[in-house]
Amino acid sequence: FLGAVLSLITLLCGWVLGSELTFELPDNAKQCFYEDIIMGTKCTLEFQVVTGGHYDVDCRLEDPDGTTLYKEMKKQYDSFTFTAPKNGTYKFCFKPFFFFIYTILSQILNMESACVSIHEALKSVIDYQTHFRLREAQGRSRAEDLNTRVAFWSIGEAIILLVVSISQVVLLRSFFSDKKTTTTRIGS
């Protein structure tokens with residue numbers, strides 16, 4: 001007969017909810033499972049035949065209105081990702097292609113769990129960016145301070161150079177200028 005454990009993995013608001021199923025599928029029997037899914041939820045249906053027969057199984061996924069979203073025949077394993085187009089109970093059916101007993105491992109994974117792990121990685125990237133922006137701001141502040149000091153030093157050197165130049169010009173002029181000599185008589 002049929003032994004089953006269904007585990008649907010759905011991550012919603014940080015909580016992991018889910019189901020996973022391992023079951024035996026008797027000769028030419030059809031086994032269906034039902035799951036309530038909220039509209040807009042991203043889900044993945046994965047199945048794999050573990051033992052039995054030629055490892056071939058037919059799989060079908062239907063929305064609450066009975067519209068077939070996924071149908072594959074003679075598959076040993078497959079994966080199908082979809083976004084629920086409406087609220088309601090979705091139907092997953094498995095049927096052996098040949099008359100053998102199959103053990104099928106079926107998982108429905110919610111894509112939100114992948115989004116949460118990506119979000120955590122992005123938070124780490126943001127932390128690194130914040131650290132590097134802080135280091136860049138510190139370096140910029142140091143460079144601007146150093147630039148200000150160099151500018152004042154250059155102005156000081158320019159003033160000293162101007163004073164020394166003017167002093168040399170005045171000194172050289174004094175060597176070559178005619179001095180009026182006054183004569184004074186002595187002894188008269």
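Residues numbered from 1 in each chain as written. Predicted model: local features only at pLDDT ≥ 70, side-chain atom pairs only at ≥ 80, totals over all residues. Heavy atoms only, no water.

Visitor: Account for the confidence of the model for the protein, with residues named and values stated.
Guide: Mean pLDDT over the protein stands at 77; residues scoring 70 or higher make up 72%. For the protein, strand S1 (residues 4–12) is the element with the lowest average pLDDT, namely 29, and helix H1 (residues 112–176) is the one with the highest, namely 92. Per-residue pLDDT stays below 50 along residues 1–16; that stretch engages in 51 contacts with residues further than four places along the chain or on separate chains. Contacts for the low-pLDDT stretch residues 99–105, under 50 throughout, to residues beyond four places or in other chains number 49 contacts. (pLDDT = per-residue confidence, 0-100. Helix = DSSP H or I, 4+ residues; strand = E, 2+ residues; numbered from the N terminus. Contact = heavy atoms within 4.5 Å.)

Visitor: An account of the state of the cysteines is needed here, citing residue identities and associated values.
Guide: All told, the structure shown has 1 disulfide when counted by the stated rule. No disulfide involves Cys59; its sulfur sits 8.3 Å from the nearest other cysteine sulfur, which is in Cys93. Since its relative accessible area comes to 2%, Cys59 is described here as buried. (Disulfide = S-S within 2.5 Å. Buried < 20%, exposed > 50% of the residue type's maximum accessible area, 1.4 Å probe, protein only.)

Visitor: I'd love a proper account of the pairing of strand S6 (residues 68–75), names of residues and values included.
Guide: Along any regular strand, the residues point their side chains to alternate faces of the sheet. Note that strand S5 (residues 57–62) and S6 share 5 bridges and pair antiparallel. For Leu61, the partnering residue across the bridge sits in S6 and is Tyr70. Remark: 5 residues form the turn of the hairpin made by S5 and S6, two consecutive strands paired antiparallel; Gly66 in that turn has positive phi of roughly 90 degrees. (Pairing = 2+ DSSP bridges.)

Visitor: I'd like a rundown of the layout of surface pockets, residues and numbers included.
Guide: Where empty space is left in the structure can be found by rolling a water-sized probe over the atoms. If you add up the space inside the second largest pocket, you get close to 160 Å³. Lining the second largest pocket are Lys30, Asp58, Cys59, Arg60, Glu62, Lys71, Met73, Cys93, Phe94 and Lys95. Those elements giving two or more residues to the lining of the second largest pocket turn out to be S5, S6 and strand S8 (88–96). Per element, the largest residue contribution to the lining of the second largest pocket is 4 residues, and it comes from S5. (1 Å grid on protein atoms, 1.4 Å probe; cavity = no way out; pocket = protein on both sides within 12 Å on 5 of 7 lines; lining within 4 Å. Points joined across faces, edges and corners; volume = space filled by probe spheres on them.)

Visitor: Would you mind going over the pattern of salt bridges in detail, with residue names and values included?
Guide: By the definition in use, this model includes 6 salt bridges. A salt bridge links Glu62 to Arg60; its shortest N-O distance comes to 2.8 Å. Between Lys86 and Asp65 there is a salt bridge, with its nearest N and O atoms 2.4 Å apart. Here the residue Lys86 occupies a position in the loop between strand S7 (77–83) and S8, and Asp65 occupies one in the loop between S5 and S6, the gap between them amounting to 21 residues. Judged by relative accessible area, which is 57%, Asp65 ranks as exposed. (Salt bridge = Lys/Arg side-chain N within 4 Å of Asp/Glu carboxyl O.)

Visitor: Provide a residue-level description of the environment of Gly66, including the pertinent values.
Guide: Assignment of secondary structure puts Gly66 in the loop between S5 and S6. Taking the C-alpha atoms as reference points, Gly66 and Lys91, separated by 25 residues in sequence, lie 8.2 Å from one another.

Visitor: Provide a residue-level description of the sheet that holds S5, including the pertinent values.
Guide: The strand order S3-S8-S5-S6 describes an open sheet built from 4 strands, whose pairing is antiparallel. Of all the strands in the sheet, just strand S3 (31–37) and S6 have a single pairing partner and so form its edges. The mean angle between the axes of side-by-side strands here comes to 10 degrees, regardless of whether they run parallel or antiparallel. (Axes fitted to C-alpha atoms, helices over the stretch in contact; angles between N-to-C directions.)

Visitor: Summarise the side chain of Asp63; cite the residues concerned and give the values.
Guide: Looking at where Asp63 falls in the secondary structure, it is placed in the loop between S5 and S6. From its side chain, Asp63 meets the backbone nitrogen of Asp65 in a polar contact 3.0 Å long. Separated by 2.8 Å, the side chain of Asp63 and the backbone nitrogen of Thr67 make a polar contact. Asp63 has contacts with Leu69, Lys86, Thr89 and Tyr90, leaving out every residue within four places of it along the chain. (Polar contact = N/O pair within 3.5 Å; in protein donor to acceptor, adjacent residues only side chain to side chain.)

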